[in-house]
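Residues per chain, in single letters:
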Amino acid sequence: MEREFFITMKAFLTPLPFLLLLILPEGILSSNCPKDCSCSTPESILCFQRRSSTIPKGVPAFTKSLYLFANGIEGLTAKDFSGMENLEMLDLSQNKLTEIPDRVFEPLTSLRNLDLSSNQITHISKICFHGMALLERLYLYSNLIKTIHPAAFDGLEHLLELKMQGNQLTSLPALAMPRLLLLDLRFNVLNSLGPSDLLTPNLESLKLGGVGLTSLDNELIGNLKNLHELDISGNQLESFPSVLKETNGLIHLSLAGNPMGPLMVQDLQNLGELQELDISSLSLQGLPEEFSQLFPHLRKLTTAENPFNCLCNLAWFPRWLRAQSITLERTEETRCHFPPINAGKVLERLEHRDFGCPITTTVPSNTVKTTTSPPVPVTTLSSTAEAEVPGASDDLTHIDDDSLLPPVPASPSSSSKDKGEDQHFCPSHTCLNGGICRLDQRGQVECTCPHGTSGMYCEVKSHQPALPPQTDIPRATVIVNTPDISSNEVTATSILVDLHRYIEMRPYIRGIRLTYRNLSGPDRRPIQLSLPASFPEYRLRGLKPNSTYAVCASPLGAPSGIDSVCTEAHTAPESISGTDARVTDPRLTTMLVPAAAILLLLLLIAIALGVVCYLRRKRANGHLDLDCEPSQQELSGDKAGLDNMALPQKQPQIMMPEPAVQTSNLEYEVLLLQDHCTSNNNMSSHKPSYF
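Note that the coordinates shown come from a computational prediction; the quantities given were computed from them, not determined experimentally.

*Asks:* Kindly report on the overall build of the protein, identifying the contributing residues and their values.
*Replies:* Of regular secondary structure, the protein possesses 9 helices and 37 strands. Classification of the 691 residues of the protein by burial places 41% in the buried group. Considering only intrachain contacts with a sequence separation of at least 6, the fraction spanning at least 24 residues in the protein is 51%. Counting every atom, the protein has about 39800 Å² of accessible surface; 54% of that belongs to carbon and sulfur.

Dropping the structure here:
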């Protein structure tokens, strides 16, 4: 039996050294790895956070990739790279370099990728990149570069990518690079760029975000026949660049953060190949529904930080996103601004009913009748509505808010519909007391109030004597003047003042002086507030209950009494509450009785368990410790046994860098280092991809 056991163990252990040889990375068996570095493969060396101001010594001649980021390197010499003729990748990012000596990289005749980002370099000299004819990618972003010699990039004819974002450039040398595909100049100060600055006919990606452009040169963009990605965000473009209307082939376009105002369908109709579009921070209040037909290939859309009016004319937007499987970037920052019922809500999450779209309602013809006759011309600012004059038994002041709203007058486009059917153009109950709600040409809510009511939402009722009953009451056109300010949502201590119409009728004002005083109390001194013109509503708080207040609005800075509009509002009586008030809630009784019964039952169970435990202890006669818990001797013995055991030691690890670096106000940049193993050499190596 023992013989068979040893034979089995021998058969298991015999191939173990061979298996370990296969599992261990090749770098562990190599003795050519520089000090404080990790060599996952013979051709790739990673030196991270060495805290040395110089290049490591002893780099093998066959090394192809050398990563020296975040080492604290302060200077370079050509001797540092002697014998590295096979090196193709050199990463010197996140060090403390302040200059690039002339011809310092000349020994690196095979170098194709050079990363000098996130250093403190201030100038690029004429021959600092001399001898690098095969270089394909040069990263200089996040430095302090102010000047570049006009001939600094001469000889880099094979360059594919040049990244210089996040520097202090105010001018750009002529870039004659026939093979360049990507150029990133964001966050410099380049107010104007002409066609002579970019002699790059094959450029595919051009990033000019935040450089201070006031216009986009037509000839510059027209010469880039292969352009697929354009970023002109964060500039001072006051209108949509006309050259983009004729630019075909764009796949990624960012217009964010420019004061160019609303977008027109004709501006975007030739951009049908777009897959990603960023139109955030453009002060857009809406998007035309034709927008959904312009981009059949769109996959990502960013519309954040726009003051959207979430009314019926925007109801198509969330439905279109879902139907086309389009990802809305920065969803939480894409919210409604108007109307108040939708203010602050995430636009993408709204349902169709939340936009207050038209619904078909059948109304008895003997109650309300629509007409196609033209309205009577009026000079007032409010709309004219056809309404039936109520009789004594039909007083509109007694109509409940939940009653059916009358339809709007029929338009010529709907004359073919049944006269008993019409549509509401606002959310239900927007207009109170039977008012007719509709949207004006700008998409703003407007209420046409019936006789005896007034206010922005027909919320003010005027007590007028009822008309004597008549057998045949003729229909008449009721013309109602809507006040410029009104009050809404009145409570015992607050009044919501509606200033929509006041601001709408005075677009020139820069602010509003709001004055209010209590007409019912002994202290009638006015209180003044200064509001910006962007506040369409303001809530007055800390008021006295059951009081009448006079509220007036006038332009800020104008003499007192000039263009002043006033209204009266009544706060509600204070509700009666006190310590002696008795409130009987059957739900509270239903909850408390079972809870008390459960607590009592638990208490009885605890007492019973205590009695049982006491009797068992008394019966045990000294064995209490064994019955209840382990003895101190056992615990001491176990602890001693643990102390004598050799616990495994945690293997040291080297912190790996994050795959992206963020500096200043730049977006995250992907490092040239992409897939590398850790310093314990327990991972396989993969050749990084750079393009």
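*Asks:* Give a detailed account of the sheet that holds strand β31 (residues 511-518), specifying residues and quantitative values.
*Replies:* The strand order β32-β31-β34-β35 describes an open sheet built from 4 strands, whose pairing is antiparallel. Both outer strands of the open sheet, β32 (527-532) and β35 (565-570), are each paired with one neighbouring strand and no more. In this sheet, adjacent strand axes meet at a mean angle of 25° when their direction is disregarded. Bridging between β31 and strand β34 (residues 548-555) involves 7 bridges; their strand directions are antiparallel.

*Asks:* Hey, could you go over the pairing of β34 for me, with residue numbers and the actual values?
*Replies:* Along β34, 8 of the 8 residues are buried, which leaves the element largely enclosed by surrounding structure. Judged by which residues are buried, β34 turns out to be covered on both faces: Thr548, Ala550, Cys552 and Ser554 on one side and Tyr549, Val551, Ala553 and Pro555 on the other are all buried. Sheet topology note: the β34/β35 ladder contains 6 bridges and is antiparallel. Within the sheet, the bridge partner assigned to tyrosine 549 lies in β35 and is alanine 569.

*Asks:* Give me the lowdown on the sheet that holds strand β29 (residues 486-488), citing residues and values where you can.
*Replies:* Strand order in the open sheet formed by 3 strands is β29-β30-β33, with antiparallel pairing between adjacent strands. The open sheet has two free edges, formed respectively by β29 and β33 (537-540), since each of these has just one partner strand. With direction set aside, neighbouring strand axes in the sheet form an average angle of 35°. In this structure, β29 lies alongside strand β30 (residues 495-498), joined through 3 bridges in antiparallel fashion. Among the inter-strand pairings, serine 487 is bridged to a residue of β30, identified as valine 497.

*Asks:* Tell me about the packing of aromatic side chains, and please be specific about residues and values.
*Replies:* Enumeration over the complete set of coordinates arrives at 11 aromatic pairs. With 5.2 Å between their ring centres and 50° between their planes, phenylalanine 48 and phenylalanine 69 make a pair best called tilted. A residue pair is termed long-range when its members are at least 10 positions apart, and phenylalanine 48 in the loop between β2 (44-46) and β3 (65-67) and phenylalanine 69 in the loop between β3 and β4 (89-91) qualify at 21 residues. Judged on exposure class, the residue phenylalanine 48 and its partner phenylalanine 69 are both buried. Ring pairs connect the aromatic residues Phe291, Phe295, Trp316, Phe317 and Trp320, which therefore count as one cluster. One cation-aromatic arrangement involves lysine 163 over tyrosine 139; the distance from NZ or CZ to the ring centre is 4.7 Å. The ring of tyrosine 502 carries the charged tip of arginine 506 above its face, separated from the ring centre by 3.9 Å.

*Asks:* Residue-level account of a nonpolar patch on the surface, with values.
*Replies:* A grouping of Leu600, Leu603, Leu604, Ile607, Val611, Tyr614 and Leu615 is seen on the molecular surface, where their side chains present a nonpolar patch of about 700 Å² in accessible area. As for its placement among the helices and strands, leucine 615 is situated in helix α7 (residues 586-620). You can call leucine 615 partly exposed: its relative accessible area is 44%.

*Asks:* I'd like a rundown of the pattern of salt bridges, residues and numbers included.
*Replies:* Under the counting rule described, the total for this entry stands at 14 salt bridges. Across the pair arginine 112 and glutamate 136 runs a salt bridge, and its minimum N-O distance is 3.2 Å. In this pair, arginine 112 sits in the loop between β4 and β5 (113-115) while glutamate 136 sits in the loop between β6 (123-124) and β7 (137-139), placing the two residues 24 residues apart along the sequence. Put simply, aspartate 184 and arginine 186 hold a salt bridge, and the shortest N to O gap is 2.7 Å. The class of aspartate 184 is buried, set by a relative accessible area of 1%. Classification of arginine 186 by relative accessible area gives buried; the value is 3%. Among the charged side chains, a salt-bridge network with shared partners connects Arg112, Glu136, Arg137 and Glu161.

*Asks:* Now, about the state of the cysteines: what can you tell me, with residues and values included?
*Replies:* Counted according to the given criterion, the structure contains 4 disulfides. Covalent S-S linkage joins cysteine 310 and cysteine 336, the inter-sulfur distance amounting to 1.9 Å. Between cysteine 310 and cysteine 336 the sulfur-sulfur dihedral comes to about -95°; the bridge is accordingly left-handed. Of this pair, cysteine 310 sits in the loop between β18 (308-309) and α5 (316-323) while cysteine 336 sits in strand β20 (residues 336-338), placing them 26 residues apart in sequence.

*Asks:* Tell me about the environment of aspartate 498, and name the residues and values.
*Replies:* Topologically, aspartate 498 is positioned in strand β30. In this structure aspartate 498 comes out as buried when scored by relative accessible area, which is 3%. Taking the C-alpha atoms as reference points, aspartate 498 and aspartate 484, 14 residues apart in sequence, are found 8.5 Å from one another. A distance of 2.7 Å separates the side chain of aspartate 498 from the side chain of histidine 500, its partner in a polar contact.

*Asks:* Let's hear about the environment of aspartate 484: which residues, and what values?
*Replies:* Tracing the sequence through the fold places aspartate 484 in the loop between β28 (476-478) and β29. Between the alpha carbons of aspartate 484 and glutamate 504 there is a distance of 8.9 Å; along the sequence they are 20 residues apart. Beyond its immediate stretch of four places on either side in the chain, aspartate 484 contacts Asp498, Arg501, Tyr502, Met505, Arg506 and Val565. In this structure the side chain of aspartate 484 is engaged in a polar contact, spanning 2.9 Å, whose partner is the side chain of arginine 506.

Rules used in this analysis
- Residues numbered from 1 in each chain as written.
- Predicted model: local features only at pLDDT ≥ 70, side-chain atom pairs only at ≥ 80, totals over all residues.
- Heavy atoms only, no water.
- Helix = DSSP H or I, 4+ residues; strand = E, 2+ residues; numbered from the N terminus.
- Buried < 20%, exposed > 50% of the residue type's maximum accessible area, 1.4 Å probe, protein only.
- Contact = heavy atoms within 4.5 Å.
- Areas by Shrake-Rupley, 256 points an atom, 1.4 Å probe, with all protein chains shown as cover.
- Pairing = 2+ DSSP bridges.
- Axes fitted to C-alpha atoms, helices over the stretch in contact; angles between N-to-C directions.
- Phe/Tyr/Trp six-rings, centres within 6.5 Å; stacked < 30°, edge-to-face > 60°.
- Lys NZ or Arg CZ within 6 Å of the ring centre and 35° of its normal.
- Patch = residues over 30% accessible without salt bridge, like charges linked within 9 Å, V, L, I, M, F, W, Y side chains within 5 Å.
- Salt bridge = Lys/Arg side-chain N within 4 Å of Asp/Glu carboxyl O.
- Disulfide = S-S within 2.5 Å.
- Polar contact = N/O pair within 3.5 Å; in protein donor to acceptor, adjacent residues only side chain to side chain.

Function cannot be inferred from these measures alone, as they are strictly geometric.
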